[in-house]
Amino acid sequence: MLKKTVLVRALQVAFSAAALSAAVVPVATAQSNASGTIFGNIESPAGTSVVLSNTDTGARRVVTPDASGRYTATAMAAGHYKVELMRNGAVAKTQEIDVLIGQGVDASFLSSVQAVQVTGRRSRIDISNSNNGATFTAKELAALPIAQSVDAIIQLAPNTTRADSRYAAGASFGGGGASENAYYINGFPVTNPLTQLGASELPFGAIAQAQILTGGFGAEFGRSVGGVVNITTKSGTNTWEAGASFSIEPNSTRAAYKDSYYAVTGKSENKSTDGTLFRRNQDNTRTEKIYGAYVGGPIIQDKLFMFVSVEERKSEEAGTNATLNTLGTRTSTSNATTGWEEKQDKIQRYMGKFDWNITDNHRLEATFLGDTPKTDRQLYSYDYNTFTHGNTATASQHYKNDSTYNPSVGAETQILRYIGNITDNLTVTALYGQSKTKNESRYDVIGTPTTGDLFQVNAPVAARYPGLNYTTTQTLSGNVSANDASSKIKSKRLDVEYKWTEHKFRAGLDDNKLSSEGAGQVIGGGGSWTYGHVNSPTTPISFGDGKLVAPASGGGLGTQGYYVTKRIFDDTTSAGSDQSAQYLEDQWQATKDLLVTVGLRNENFKNKNGDGVTFLEVKNFVTPRVAAVWDANGDASLKVFGSAGRYALQIPTHLAVRGASRSLNVRQVFTYTGTDAQGQPTGLVPLTGVFSTNNEVGQAKDPKTLTALGIDPSYQDEITLGFEKAWSPELNFGAKVTYRDLKATIDDFCDPSPILAWAKRNNVDASHYGGFNCASFNPGEDNTFLVDFAGTGSNYSTVHLTKADLQFDKAKRTYTALDLFLEHPMRNGWYGRVNYTWSRSKGNTEGQTRSDNAQTDVAATSTWDNWPLMVGANGLLPNDREHQVKAFGFYEVTKEWIVGGNFLAASGRPRSCFGNRPDIPEGIDDYGSVYFYCDKETPRGSLGRLPWDIRLDANLTYRPAMIKGLSVKVDVFNVFNKQTAQTIDETYNLDGTTVASTYGRVISYTPPRAAKFTVEYNHRF
């Protein structure tokens, strides 16, 4: 690797020059990935020029070929162009092309290839870059039977899988975690700043193009070791147009949801539940309606344009309450108050785009986005004897941008972007933008208000003492978010491009400021009581405080193995993150047919706690990239490409929530003699003192002690090699091999024993030590921490712990994939593509997230908290899908009728098992049923796979010739109603050796068959 100081100095020189060159433009930033490139070759270039005209907006650009006949025009707005070859002032030849974002399109004028040059959409083989992935236009998205969401577009691309169904958003790219992707709209980063799970969206009809990058991307892209979602919006043209649409997905055409059953564990403690109904879903209902409208056109012909789009989504849902696995089930103790749930979701989205062609060479864009999800939620009683629900609400709740209850999390966003062709060889783009996500949670008072806290009650069937009451009128469940929380992004970016001889030099910098207020959650109702039972009351068991206690020792019902755990949790705080990067890149046309790209990217980020103090910082982490593209036949018919690069990932603001700010997470275990009318325990006798497995007792955390010194970011190396062949105008095919290797990751480490052992070895007095609060580190490496043994807040010891001291294997995650594809370009009335992927995702860490238990403490999961948690962790990871077939396309049967299809066949997710480990060493916290041990060592992914996920979606569109602009469409999703298990409960134990009755049950199935009816009218004036 190059020395970091060399790169930093080079960047400083580069940007000093760039600043002088760009002095005529506003001081702001930009993103070249929101546009495309037109390039080509010309025979006998003397006296020629090339005129590029956007047929929709009239924007015009003139470029002059070099002496060899080659020309390149970058930073071209996506759209349809007429390309004219001018020779001695007259039009000699003409062709038309489509520019796609982040891609190049060949518009050559060579006699040897004139026979294959056609007007309209040409071959997709792009010899200007080695990006892996796919780009979809608005026309293609409208023709395909997919849900109107960004996630649905992502799943069309190869090397992508759905994230764990329990996550609110996100997807897995190339084996990566759901939080490891980057999302852009018109060059602005719209990734959720709090968790990095998903992103803010826009009206689906406002999407002009969506680029899904799954690897091989250049130095301009960063902050991702997964993939990149790059969206551009529609713009106004010289023709006024307007339209409206309405769609409905009625419950009456939806197949019944599949009921969920307890798995058969074969254990005596579960004899009353094994194989019986867990949760009734067949009565669940859902109806969704989507309203959309747009208007666009010229404010000033050829100069100033507008496009405004609005969308409102309304859905009404009702069914058994599935918020937690303790709610809405046949055996739940709270069905009398929370068994049935009804929700009314509303998502209001808008997009306003204004484009000003200042001159032919200068353009200014302003984009305004809104994405606001709101949910009204009511709870009712439910009776499993009659399968009926009550009509009087027991709770009325209202949420906005809440990841637990809202269907998505959005933001209000404003973006200003400038594109300037300063000369034929110098292009500058600049962008400034900001967004804000506002969260709200409000609870209506129903009935007589309670005074003080009313703890939640969790009582598994096997943990209930016969004859006692375990029901409560508390309607809050799990953790709830603070009211009036918010997150903000402020982003600036500058990109400069200069062409010199056979080189195209690019440089850029960006700066993002992220902040979150009121982040975190508390247990609804003030706390919770969780009841438990063991079969051997006199056998000591671990409750997580590092001591073994026999329930019988506390008397009361403990003599029969019954006990209860009290938990209080609160981690609300403020948080921040500053992120910046710089890059240099040289695209060198080494020969007429060989393009070599070499780049360097320098990443910096730091995370701040609730007091605004930095507690984690990565400086000047250099990620090199190299790629090559060979136009083997010299006519863009055969592309051979490869890339190698290093990619790094930042950490969202959420890390500070528990990792660096005040947090309270305490438990205490009791025996009891009875329960009251609210299910609260009585006759309590403590079995343990108050304890916290991570020393979270509400104290301030010293930011100097929370991160290993010299920490590296999560980063990954990637190699790709492939080819694409245009066999004929009707057929393209290709293959690609991808290998990804995670070299380092960041997570938190919470085991104090190695630190205390170091103090003992080095004769350091630890009697005043306040305890270890967890610290971010690089797992599987030597790490050095600052530790305040003296308790003074100033006299720190430098504690170096080797890999052997920490007892962790090196962090491992590899992704190996072979992709094959066949594509019929849009020709003769139809388009189709088939992708096949064989892949293997293996290692001991998923990355920033942990799908094993759907933990959303990004980069602070329990994965690496102590070494026993990692015994058996190496194996097939949750996002592994060995085989995937994705096929989609559409066929224009006539000018009036179009049919479309979308097919998926994917191997099931690997199965694991997480239980209690009986051999946790003294001094190490016991985390309960999260170890790769289920009565015996049970390595990750060693229990087979879930069933194959096979789905077919289809649609039919009618566009009557008598009413131009009208279309009527029906989409049928999951045509054959294959409701396949997506996720199962892999938690094996309760406490001790007691097997959980819920082990092996299906948590979620793929949605049942449903039909959506859409009517749309578009008119061009």
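Residues numbered from 1 in each chain as written. Predicted model: local features only at pLDDT ≥ 70, side-chain atom pairs only at ≥ 80, totals over all residues. Heavy atoms only, no water.

For the protein, the name recorded in an unreviewed UniProt entry is TonB-dependent receptor, with Duganella callida as its organism. What UniProt records for the protein under Subcellular location (unreviewed entry) is the sentence "Cell outer membrane". (UniProt positions renumbered as here; feature names shortened; annotations may be inferred.)

**Student:** So what exactly am I meant to see when it comes to unusual backbone geometry here?
**Tutor:** Note: most peptide bonds trans; most residues except glycine with negative phi. Of note, the phi angle at Gln807 is positive, near 65°, even though the residue is not glycine. Inspection of the secondary structure assignment puts Gln807 in the loop between α7 (803-806) and β50 (813-827). When its relative accessible area of 46% is taken as the criterion, Gln807 is described as partly exposed. For Asp935, which is not glycine, the phi torsion reads 70° and is therefore positive. When you line up the elements, Asp935 lands in the loop between β54 (897-906) and β55 (949-958). Judged by relative accessible area, which is 45%, Asp935 ranks as partly exposed. (Helix = DSSP H or I, 4+ residues; strand = E, 2+ residues; numbered from the N terminus. Buried < 20%, exposed > 50% of the residue type's maximum accessible area, 1.4 Å probe, protein only.)

**Student:** So what exactly am I meant to see when it comes to the state of the cysteines here?
**Tutor:** Here a disulfide denotes one covalent bond, and it connects the sulfur atoms of two cysteines. According to the stated counting rule, one finds 2 disulfides in the structure shown. Between the sulfur atoms of Cys750 and its disulfide mate Cys774 the distance is 2.0 Å. Because the torsion about its S-S bond is 115°, the bridge between Cys750 and Cys774 counts as right-handed. On the criterion of sequence distance, the pair formed by Cys750 in the loop between β46 (747-749) and α6 (753-761) and Cys774 in the loop between α6 and β47 (775-777) is long-range, its members being 24 residues apart. In this structure Cys750 comes out as buried when scored by relative accessible area, which is 5%. Shown here is the disulfide that connects Cys913 with Cys934, its sulfur atoms set 2.0 Å apart. Disulfide Cys913 to Cys934: torsion about the S-S bond roughly -110°, handedness left-handed. Highlighted residues: Cys913 in the loop between β54 and β55 and Cys934 in the loop between β54 and β55, separated in sequence by 21 residues. (Disulfide = S-S within 2.5 Å.)

**Student:** Would you explain the pairing of β55 in this entry?
**Tutor:** Along any regular strand, the residues point their side chains to alternate faces of the sheet. Side chains Asp949, Arg951, Asp953, Asn955 and Thr957 of β55 all project onto a buried face; the interleaved residues Ile950, Leu952, Ala954, Leu956 and Tyr958 project onto a face where none is buried. With 10 bridges connecting them, β54 and β55 associate as antiparallel partners. Paired with Trp897 across the bridge in β55 is Tyr958. Strand direction decides the pairing type here: β55 and strand β56 (residues 966-973), joined by 5 bridges, are antiparallel. From the neighbouring strand, Ala954 faces β56, where its bridge partner is Val972. (Pairing = 2+ DSSP bridges.)

**Student:** Explain the domain arrangement of the protein to me, please; I cannot follow it from the model alone.
**Tutor:** When its domains are assigned, the protein resolves into domain 1 (25-106), domain 2 (132-233) and domain 3 (747-810). Taken together, the contacts link 11 residues of domain 1 with 13 residues of domain 2. Both faces considered, domain 1 and domain 2 share a buried interface measuring about 860 Å² in area, 50% of it formed by carbon and sulfur atoms. Here domain 1 is connected to domain 2 by 0 salt bridges. (Domains from an automatic or database assignment. Contact = heavy atoms within 4.5 Å. Buried area = accessible area lost by both parts, 1.4 Å probe. Salt bridge = Lys/Arg side-chain N within 4 Å of Asp/Glu carboxyl O.)

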